[in-house]
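# Chains, contacts and geometry: an overview
What follows is each chain in one-letter form.
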Amino acid sequence: MPEPATAPDANVPAGMMEGDLVRRARRGDLTAYDELVKRYQERIYATIYHMTANHEDANDLAQESFIKAFSALKSFKGGSSFYTWLYRIAINKTINFLKQRRNKHHISLDDLDFNAEHDPDLVALISEKTPQRDINLSELQEKLNEALLRLSEPHRTVVVLHDVQGVSHEEIAEIVGCNIGTVRSRLFYARQQLQGFLADYIKA
C-alpha cells in the first residue's frame, strides 16, 4: 500500500538525519527531498563533471539523476545509504550517456578545470625532481582531463570516485556493483594508464 503524501514542511531542520529525510521524501515531502538534493548536489555534479569534462553535460546529468532518484524513491529499500544509491544512479546514467556520445565525441577544453593540485596521486606525477616541474598548470590540467577521458568508463569511474571525490573502496564497490578487489585492481590499472598517457610530461 503506497504511503500517504504529506504536505511539505518549510521548516525541515538542516541537520535532520538522512533516513528521516528519505522517509519524508518517500511520502511526497518535496521540501525534505530538496534538502537531500542540497546535501549531495555538489558531489554528484563534480563526479559527473570529472567523467564528462563538460559543465553543461554535468549539469544536465546531475539534474536528471536527482529527478530519476525521486521518481524511484519507492524502490529504495535502505540496504545502503541514500547517497550510495544516488551515486549508483548518477554513475549509470553518466556511463550510458558516454556510450551514446562515443561516436560523436567532442571535448571542450574551455570547460576543463581539473584540480590536479589537490589530488596527491596525480601530483606525484609531476614531482619537483622532473625538468617539467615548471609546466604551465592550465596545460597540465588539460592533459590530465584528456588522459581521464581516454580511460574506459569503469576505470575512469573508480579514479574519479576515489582519487577526486575521496569515496572509499567499500562505497565504490556498492556504487558500481562489484567487489572491493575489483575496485582496487581497476584503480591500480587506471593509474598505470594515466601515467602512460602523461609520459611525455613526466619524463625524468
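For the structure given in this document, a descriptive report is provided here.

Further remarks concern the packing of aromatic side chains. Under the definition given, this model contains eight aromatic pairs. Ring centres 6.0 Å apart and planes at 85° place the aromatic pair phenylalanine 76 and phenylalanine 82 in the edge-to-face group. Judged by relative accessible area, which is 10%, phenylalanine 76 ranks as buried. Geometrically, the ring pair formed by tyrosine 83 and tyrosine 87 is edge-to-face, given 5.6 Å between the ring centres and 80° between the ring planes. Residue tyrosine 83 and its partner tyrosine 87 are both found in helix 4 (residues 82–101); the two are separated by four residues, about one turn of the helix. A relative accessible area of 1% means that tyrosine 87 is categorised as buried. In this structure an aromatic cluster arises from ring pairing among Tyr40, Phe76, Phe82, Tyr83, Trp85 and Tyr87.

To continue, consider unusual backbone geometry. Negative phi is the rule for most residues except glycine; trans is the rule for most peptide bonds. With a phi close to 60°, alanine 53 is a non-glycine residue in the positive phi region. Take alanine 53: it is sitting in the loop between helix 2 (30–52) and helix 3 (55–71).

Now for helix 3. An ideal rise of 1.5 Å per residue puts 24 Å on 17 residues; helix 3 measures up with 24 Å between its terminal C-alpha atoms. By the burial criterion, the buried members of helix 3 are Asp57, Ala58, Leu61, Ala62, Ser65, Phe66 and Ala69. The buried side chains of helix 3 occupy one side of the element, clustering within an arc of 160° when seen end-on. Among the exposed residues of helix 3, those pointing more than 90 degrees away from its buried face are Glu56, Gln63, Ile67 and Ser71. Elements in contact with the buried residues of helix 3: helix 2 and helix 4. The opening residue of helix 3 is asparagine 54, an N-cap whose side-chain oxygen sits 3.0 Å from the backbone nitrogen of glutamate 56.

Conventions and cut-offs
Residues numbered from 1 in each chain as written. Predicted model: local features only at pLDDT ≥ 70, side-chain atom pairs only at ≥ 80, totals over all residues. Heavy atoms only, no water. Phe/Tyr/Trp six-rings, centres within 6.5 Å; stacked < 30°, edge-to-face > 60°. Buried < 20%, exposed > 50% of the residue type's maximum accessible area, 1.4 Å probe, protein only. Helix = DSSP H or I, 4+ residues; strand = E, 2+ residues; numbered from the N terminus. Expected span 1.5 Å × (residues − 1). Arc of directions from axis to C-beta. Contact = heavy atoms within 4.5 Å. Polar contact = N/O pair within 3.5 Å; in protein donor to acceptor, adjacent residues only side chain to side chain.

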